[in-house]
Amino acid sequence: DVLHAVERVAGMRLPVRETGRRPGDPASVVAACERIRRVLGWCPRHDDLDHIVRTALEWERSLVARRG
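None of the values given here were measured: they were computed from a predicted structure.

Engineer: Give a detailed account of a nonpolar patch on the surface, specifying residues and quantitative values.
Structural biologist: Taken together, Ile36, Val39, Leu40 and Trp42 make up a surface patch of nonpolar side chains, about 410 Å² in accessible area. Tracing the backbone shows Leu40 in helix α2 (residues 34-40).

Engineer: Which residues make up the side chain of Glu7, and what values go with them?
Structural biologist: Note that Glu7 resides in helix α1 (residues 2-10). Of the residues examined, Glu7 reaches a relative accessible area of 13% and is grouped as buried. Of the polar contacts made by the side chain of Glu7, one reaches the backbone nitrogen of Leu14; its length is 3.0 Å. Residues contacting Glu7, with those up to four places away along its chain left out, are Met12, Arg13 and Leu14.

Criteria and cut-off values
Residues numbered from 1 in each chain as written. Predicted model: local features only at pLDDT ≥ 70, side-chain atom pairs only at ≥ 80, totals over all residues. Heavy atoms only, no water. Patch = residues over 30% accessible without salt bridge, like charges linked within 9 Å, V, L, I, M, F, W, Y side chains within 5 Å. Areas by Shrake-Rupley, 256 points an atom, 1.4 Å probe, with all protein chains shown as cover. Salt bridge = Lys/Arg side-chain N within 4 Å of Asp/Glu carboxyl O. Helix = DSSP H or I, 4+ residues; strand = E, 2+ residues; numbered from the N terminus. Buried < 20%, exposed > 50% of the residue type's maximum accessible area, 1.4 Å probe, protein only. Polar contact = N/O pair within 3.5 Å; in protein donor to acceptor, adjacent residues only side chain to side chain. Contact = heavy atoms within 4.5 Å.

The analysis is restricted to geometry; functional conclusions fall outside its scope.
Here it is, written out as structure tokens:
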């Protein structure tokens, strides 16, 4: 999902190579906040993946521009 969002926001395909897990990598990672919303009533400030990727990419580009 994240790779697809980066490709959408950046407007380009990324060279992706899938490989096996490295030593120490978790078997799976889940980024879902439904339970914490339900139990604690917590709501993330930013929950749109394209928005998160867009602002991260803008920040990275601003760092490159500062370096000249």
